[in-house]
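# Residue-level structure breakdown
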Amino acid sequence: MESLGVLLPIPMNAYLESELDRRYKVFRLWESPPERRQDFIRANAAAIRAVVGNSKAGADADTIDALPRLEIVACFSVGLDKVDLAKCRERGIRVTNTPDVLTDDVADLAIGLAIAVLRRLCQADRFVRSGAWLSKGGYKLTTRFSGKTIGIIGLGRIGLAVAKRAEAFGCPISYYSRSEKPNTNYKYYSNLIDLAANCHVLVVACPLTEETYHIVNREVLDALGPKGVLVNIGRGPHVDEPELVAALREGRLGGAGLDVFEQEPDVPEELFGMENVVLVPHVGSGTNETRNAMADLVIGNLEAHVMNKPLLTPVV
Amino acid sequence: MGVMDGSDSDNRSPLNLGGYLAIQWTAVHWVERAMESFGVLLAARIDPYLEAELDRRFKLFRLWESPPAQRREFLRENAEAIRAVVGSPALGADAEMIDLLPRLEIVANFGVGLDKVDLRRCRDRGVRVVYTPDVVTDDTADLAIGLAIAAMRRICDSDRYLKDGSWKGKGDYKLTSKFSGKTVGILGLGRIGQAVAKRAEGFGCPICYCSRSEKRHTSYKYYPSVLELAANCQVLVVACPLTEETRHIINREVIDALGPKGVLVNVGRGPHVDECELVSALHDGRLGAAGLDVFEHEPHVPERLFGLDNVILVPHIGTDTLETSKAMADLILENLEAHVSNRPLPTPVF
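Chain B is annotated in an unreviewed UniProt entry as D-isomer specific 2-hydroxyacid dehydrogenase, NAD binding domain of Musa troglodytarum. As recorded by UniProt, the Sequence similarities (unreviewed entry) comment attached to chain B reads in full: "Belongs to the D-isomer specific 2-hydroxyacid dehydrogenase family."

Chain A appears in an unreviewed UniProt entry as D-isomer specific 2-hydroxyacid dehydrogenase, NAD binding domain from Musa troglodytarum. The heading Sequence similarities (unreviewed entry) in the UniProt record of chain A holds the text "Belongs to the D-isomer specific 2-hydroxyacid dehydrogenase family."

Below, the structure written as structure tokens:
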């Protein structure tokens, strides 16, 4: 049987790569200089039947068109915004992602960022390390996390996991979603502005699609308000970033905990000096345990495909 | 005939109602006057709202207005007037202070940790002690969880990595360690310990604990020794009172048992932990990570910790939120007013 040719657009994870190498023929796109990548794909198109994508690089329309033998796109992520799903459906290309295994990590980070922002943990840590505790006295008062209303955009696996954790802190939960979810006690808002106006911490946990692009815009930020905190563990483009920076600069928004940005790894430097902002470099699922589990799921899906068995976590 | 039986018809007469109101007014006025002349010593500059309210309601003495070398003089000079001390985690009411205040009736502790109050001396002297339980529970437990997640997921270090340009220059941050599902071991299952447990359960963390005695009403796994607890959990949270028995309870043995993947979170008191051993263990990799709110000699923090990315160091902020500080201050004021008015104390230790 012909060894599965797998296109890997960028380095993602050493364990994943070694497992792919062990089983398949791996084509590493980044080994070609950018101007020669189209040629590289053309040259190997006959062999490439799979693409492994992630949050940064997947399979857009051009890539799919350049790979006539493409059968499956296996994402090393749960987000599918870098895959042209419509094109895959048209071509009969299967798509898989890595749901569930990363839910906990991402939800943990959302709560961690919320507490870090409200209680100024990173600021306070810097305060200690700079010697200020000795010279200036105590750190200032911050604000309590427990009991604050959490508003969640998107009540999927990750949204529900955030809700479950926040409930343990006595936080009332409300959410905005394309449709109301039947089996929860959480308060549903059919309008995002209303959700933002009625919560203290707003967590972005929905997929990035055309509809949700810049869903957190100036109006939403203003509704969240000078005491409100935005936590983004979704995708950078969920938020109108220049508006976010302006709102923080002008005090119209109380604070932000951000794991994702519109143009990663570029982050607006104006945010760096703000004490009410915590910025982390897209580490949502970045633990050893979870990345290993994600890699196993990618391999598992590819193996199932090769063996003509039901895919483990298909999207298309 | 003519017996005053306190029947309603008698009490409703204008003369008796006037008398009743006069007595009430006198009583309130008397209490207010009593409070104004009631001397309260504030041991440290804890909180501006508390200070302002104490000043407004009582006769306030500020210990820090005299230099430390003249502390005894200050106390002696004002001993006649001082009937209450309001203490904090930094400075409470030790034996020396209590002995210098013969008219001391009550010590009000701004906090739930009583290690800076000489409780035995207070008991001997018949001095009441009050503190601020419950209102501090949520904030302290929130901080414990926040420190655990921040330490394991390197939130502060990766924030620094992003801001110093490393994400652009060097690529993605390294992989860290998952928090959810890790076994959380709690030393001390009081109000704060239970609040930590409840939160950790929201993350699917199995809970175990060590305490002076097993708590019947919980289903958490009990270990009779802190060494066994450390050997069987991944995140160890210190949430017990500081006493002679618990000083340096987290020693080298316990730290080694917690191990290279273990995380220590201290929201108790600095002296709970043998700090030298902790620093060595973190440097040697014998302990995985730590989230610390308290230190043996605050505000001194071992500088050898500053260069480590696997520790979070915060300056004793466990209860330092606007909401909780005000609630603590209000509770102190309530207790003092109750004492002056001879009413039951809301939150006595004894």
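Turning our attention to the UniProt feature "domain: D-isomer specific 2-hydroxyacid dehydrogenase catalytic" (unreviewed entry) in chain B. When the UniProt feature table is mapped onto this chain, "domain: D-isomer specific 2-hydroxyacid dehydrogenase catalytic" (unreviewed entry) is found at residues 47-349 of chain B. The span residues 47-349 of chain B is 38% helix and 14% strand, and its two end C-alpha atoms sit 22 Å from each other.

Next up on the list: the UniProt feature "domain: D-isomer specific 2-hydroxyacid dehydrogenase NAD-binding" (unreviewed entry) in chain A. In this structure's numbering, the residues bearing the UniProt feature "domain: D-isomer specific 2-hydroxyacid dehydrogenase NAD-binding" (unreviewed entry) are residues 111-284 of chain A. Span residues 111-284 of chain A is 32% helix and 15% strand, its end C-alpha atoms 11 Å apart.

All names here are of chain B. Evaluation of the coordinates by the stated rule reveals 10 aromatic pairs over all chains. Ring geometry for Tyr161 versus Tyr173: centroids 5.1 Å apart, planes at 75 degrees, classification edge-to-face. Highlighted residues: Tyr161 in helix H8 (residues 155-163) and Tyr173 in the loop between helix H9 (166-170) and strand S6 (184-187), separated in sequence by 12 residues. The class for Tyr161 is buried, based on a relative accessible area of 10%. Residue classification places Tyr173 among the buried residues on the basis of a relative accessible area of 9%. Here Tyr209 and Tyr222 contribute two aromatic rings whose centre-to-centre distance is 5.3 Å and whose plane-to-plane angle is 55 degrees, an arrangement assigned as tilted.

Moving on: the interface of chain A and chain B. Facing the 56 residues of chain A at the interface are 59 residues of chain B. Interface of chain A and chain B: buried area, both sides summed, is about 5,000 Å²; carbon and sulfur atoms make up 60% of it. Looking only at chain A, the three residues that lose the most surface to chain B are Arg119, Arg129 and Trp133 of chain A, adding up to 16% of its buried area. The interface formed by chain A and chain B holds 9 salt bridges in total. A salt bridge links Glu323 of chain B to Lys148 of chain A; its shortest N-O distance comes to 2.8 Å. When the residues that make up the side of chain A that touches chain B are grouped by side-chain class, the tally is 26 nonpolar, 13 polar and 17 charged.

Where helix H6 (residues 121-129) of chain A meets H8 of chain B, the closest approach of the two axes is 9 Å, and the angle between their N-to-C directions is 85 degrees. Here H6 of chain A is positioned roughly perpendicular relative to H8 of chain B, judged by the angle of their axes. Between H6 of chain A and H8 of chain B, the contacting residues are Leu121, Cys122 and Arg126 of chain A on the first element and Ile155, Cys156, Asp159 and Lys163 of chain B on the second. In terms of residue class, the contact of H6 of chain A with H8 of chain B is made up of 4 nonpolar, no polar and 3 charged.

All names here are of chain A. The two faces of strand S10 (residues 229-232) match: Val229 and Val231 on one face and Leu230 and Asn232 on the other face are all buried. As defined by bridge partners, strand S9 (residues 201-204) adjoins S10 across 4 bridges and the pair is classed as parallel. Paired with Val204 across the bridge in S10 is Asn232. Assessed by its sense of winding, the connection that carries the chain from S9 through helix H10 (residues 218-224) to S10 is right-handed. Two strands pair when backbone bridges link them, and S10 and strand S11 (residues 255-258) are joined in this way by 4 bridges, in the parallel orientation. Within S11, the position partnered with Val231 by the bridge is Gly257.

Conventions we followed
Residues numbered from 1 in each chain as written. Chains lettered and ligands numbered in written order. Predicted model: local features only at pLDDT ≥ 70, side-chain atom pairs only at ≥ 80, totals over all residues. Heavy atoms only, no water. UniProt positions renumbered as here; feature names shortened; annotations may be inferred. Helix = DSSP H or I, 4+ residues; strand = E, 2+ residues; numbered from the N terminus. Phe/Tyr/Trp six-rings, centres within 6.5 Å; stacked < 30°, edge-to-face > 60°. Buried < 20%, exposed > 50% of the residue type's maximum accessible area, 1.4 Å probe, protein only. Contact = heavy atoms within 4.5 Å. Buried area = accessible area lost by both parts, 1.4 Å probe. Salt bridge = Lys/Arg side-chain N within 4 Å of Asp/Glu carboxyl O. Nonpolar A, V, L, I, M, F, W, Y, C, P; charged D, E, K, R; others polar. Axes fitted to C-alpha atoms, helices over the stretch in contact; angles between N-to-C directions. Parallel < 35°, antiparallel > 145°, perpendicular 65-115°, else oblique. Pairing = 2+ DSSP bridges. Right-handed = clockwise from strand over helix to strand, strands pointing away.

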